[in-house]
Every structure is written in C-alpha cells, then in structure tokens.
Amino acid sequence: MAGTDRNRELMTGGPAIILVEPQLGENIGMVARAMANFGLSNLRIVNPRDGWPNDKAVSAAAKADHVIAAAVVYETLEAAVADLNFVYATTARPRDGHKPVRGPVQAGEVLRGRENDGEKTGILFGRERIGLRNWEVGLADEIVTFPVNPAYASLNIAQAVLLMSYEWMKSGLSSPHETAFDKAEVEPAPKADLFGLFDQIEEGLEARGYFRSETKKMKAVDNLRAVLTRPGFSSDEIAVLRGLFASFDRFARRGQRVPGAGREPLDEGRGDEE
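This report concerns the structure included in the present document. (Residues numbered from 1 in each chain as written. Predicted model: local features only at pLDDT ≥ 70, side-chain atom pairs only at ≥ 80, totals over all residues. Heavy atoms only, no water.)

Along its length, the protein chain carries 10 helices and seven strands. With 274 residues in all, the protein chain has 34% of them scored as buried. Long-range pairs, those at least 24 residues apart, make up 82% of the contacts in the protein chain with a sequence separation of at least 6. (Helix = DSSP H or I, 4+ residues; strand = E, 2+ residues; numbered from the N terminus. Buried < 20%, exposed > 50% of the residue type's maximum accessible area, 1.4 Å probe, protein only. Contact = heavy atoms within 4.5 Å.)

What follows concerns the sheet that holds strand β5 (residues 101–102). In spatial order, the strands read β3-β2-β1-β6-β4-β7-β5; together these seven strands make up an open sheet with parallel pairing. Of all the strands in the sheet, just β3 (72–74) and β5 have a single pairing partner and so form its edges. As judged from the three bridges shared by strand β2 (residues 43–46) and β3, these two strands associate in the parallel manner. By the bridge assignment for β3, Ile 45 is matched with Val 73. (Pairing = 2+ DSSP bridges.)

The next point concerns the pairing of strand β4 (residues 86–90). Of all five residues making up β4, five are buried, and the element is well covered by its neighbours. Where burial is concerned, the two faces of β4 agree: the one with Phe 86, Tyr 88 and Thr 90 and the one with Val 87 and Ala 89 are both buried. Pairing between β4 and strand β6 (residues 121–125): four bridges, direction parallel. Paired with Tyr 88 across the bridge in β6 is Ile 123. Bridge analysis of β4 against strand β7 (residues 142–144) gives three bridges, and the strand direction is parallel. By the bridge assignment, Tyr 88 is partnered in β7 with Glu 142.

This part covers the packing of aromatic side chains. Summed over the entire model, instances satisfying the criterion amount to four aromatic pairs. In this structure, Arg 112 packs its charged tip against the face of Trp 168, placed 3.7 Å from the ring centre. (Phe/Tyr/Trp six-rings, centres within 6.5 Å; stacked < 30°, edge-to-face > 60°. Lys NZ or Arg CZ within 6 Å of the ring centre and 35° of its normal.)

Looking at where Glu 167 falls in the secondary structure, it is placed in helix α7 (residues 157–171). Assessed through its relative accessible area of 9%, Glu 167 is described here as buried.

Let's shift gears to the side chain of Thr 91. With respect to the element layout, Thr 91 can be found in the loop between β4 and β5. On the basis of relative accessible area, Thr 91 is assigned to the buried category, the value being 9%. Polar contacts involving the side chain of Thr 91 include one to the main-chain amide nitrogen of Arg 93, which spans 3.1 Å. Non-local contacts of Thr 91, meaning those with residues more than four positions away in its chain, are made with Ile 143, Val 144 and Thr 145. (Polar contact = N/O pair within 3.5 Å; in protein donor to acceptor, adjacent residues only side chain to side chain.)

A few words on the packing of helix α8 (residues 191–207) against helix α9 (residues 214–229). Two packed helices can be described by the angle between their axes and the distance between those axes. For the pair α8 and α9, the least separation of the axes is 11 Å and the interaxial angle reads 140 degrees. Judged by the angle between their axes, α8 and α9 are oblique. Classified by chirality, the crossing of α9 by α8 is right-handed. Contact with α8, carried on its side by Leu 194, Leu 197, Phe 198, Asp 199, Ile 201, Glu 202, Leu 205 and Glu 206, involves Lys 217, Val 221, Leu 224, Arg 225, Leu 228 and Thr 229 of α9 and no other residues of that element. (Axes fitted to C-alpha atoms, helices over the stretch in contact; angles between N-to-C directions. Parallel < 35°, antiparallel > 145°, perpendicular 65-115°, else oblique. Left-handed = near helix turned anticlockwise from the far one by under 90°.)

This part is about α8. Taking 1.5 Å per residue as the helical rise, α8 with its 17 residues ought to reach 24 Å, and the 24 Å between its terminal C-alpha atoms agrees with that figure. Turning to α8, its buried residues are Leu 194, Gly 196, Leu 197, Phe 198, Gln 200, Ile 201, Glu 202 and Gly 204. The inward-facing, buried residues of α8 abut α9 and α10 (235–247). Positive phi appears at Gly 209, one or two residues downstream of α8, with a value of about 70 degrees. (Expected span 1.5 Å × (residues − 1).)

On to the pattern of salt bridges, then. Applying the stated criterion to the full structure yields 10 salt bridges. Notably, a salt bridge pairs Arg 102 with Glu 142, separated by 2.9 Å at the nearest N-O pair. Taken together, the residues Arg 102 in strand β5 and Glu 142 in strand β7 connect sequence positions 40 residues apart. Given the relative accessible area of 12%, Glu 142 is considered buried. (Salt bridge = Lys/Arg side-chain N within 4 Å of Asp/Glu carboxyl O.)

Next up, the structure:
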C-alpha cells in the first residue's frame, strides 16, 4: 500500500487502546490501521459484539497485521484496565463528577511523560452508538475530549483513535514542526547556466517584438531577471526551462507566424550559404 515501507523499523508500544463493546469488525480494523499509522500496537477489546477473531476487522486493518494479531479480548472493562497505572476516558459530553478534563494535546503529553516514567497507560473508547457509560468513565483517572463542532460532535471510533494516536506520536517529536521527510536538497545552478537562460528568453522576446522601446526593454529585462533568480534553479531545472522556451520557436498559435518562418530550411550539419 502507498506509504508502507516494510524495510523500515516498525514503531510499536505506547498506551493501550481499549475499545468497549465495539459493534462492527470493520471499525476494529480501522482502529488498528489508525494505531499502526502512529506507532501504537496494544489493542484491547472488551466484549466485541461480533466476536473475535473477525475477518472483516482483518480486511479493514489494511495490513496492520501486527496490531490485529496482538489484540487481546476481555470479558469486562475492569479486567482490561487492571494492569494499567493511568487511564483516560474519551467523551464528547460533559460528565458528572470531578475528574480533570484535558484536550488531546495535553493528554498526549501526559501519556508520553507517564510512559517514559515506566507507567502503563491506556485510553478508553466507547461504543459506536452511545459511547461510554458514566460508570465506565468512572474507572478512568481523567477525561480527554476533542475540540469539535459543538453542534456536531459525533466521531466514529476510528476517527477518535486516530486523533489520540496522532497526539501520542506528536508528543514524542523534538519539535511540533518536525516532519517525516524534508524537500530534496537542490544545488543552485552555476550563474553561467542562468545567464544562458536569460539570453535565450531575451532573444526570443526581442524576435517577437515584445520590447517597445530601449527604455522599457531595460526595465522589463531587470524585472525578468529578478523573477528568474529568486527560485534558485538547479541546472536540471534550467535545462527544462530552456527546452520549454526553445519549443516556442518551433510551434506557434494558429494564425501566428513562427519567428524565422519563410526561410529555406538548412541542410543538417551545414550553416547558411549565400
């Protein structure tokens, strides 16, 4: 699949993702895929409605096989969190009680810090239709909620897991602006290549009567060179541009005279002869 490189090291570990009574195998598979995207691998499933293992989950996981293969099924939520030191419950609705409520950014940072300290952590996600019940939220240490449209705060399980998985990954970056890869390094072309491009373009414009006067020509040339020097073209890029502009001498718009048209074609390998 696009974006999958089996030759690179597979990131695993992180907080446990705990699905409470999920209904559809497809949703479990999409959760596994979201987890794998961001380096999580500990999937716990509490009393799945359609049983486990589930072929639809495997298909929807899109090759996140390591997450599916390692998934553990529990009969109760208490059993699923029994070995964990710290647990978040996800919810889009205000809940009774006095548990701290965090946004996903802060929650990701808290989870990273606790995991780095050797604690075992987890995140609870509720049913597709009704989410988590109050008593289930009560088993968690804190609540995490997402800044969504208050008039439409419905996220499916995979979306919610993807958001938290992303925040987990981001919390481990050296900078919030870090990216997986950078643009390719390009060595600017020697000025001689750029000067050749200038000459070609200016000669073509001159042949087409673009410059109305010598004064306007000087200004236009200055502006053109300022534009062409700004990008820092490589030699290959300049070659592309020169090939492009050269084509203008071979093709013209319908009804437009091609510069130099009407002259006798030259014999290949020979210059003009009187």
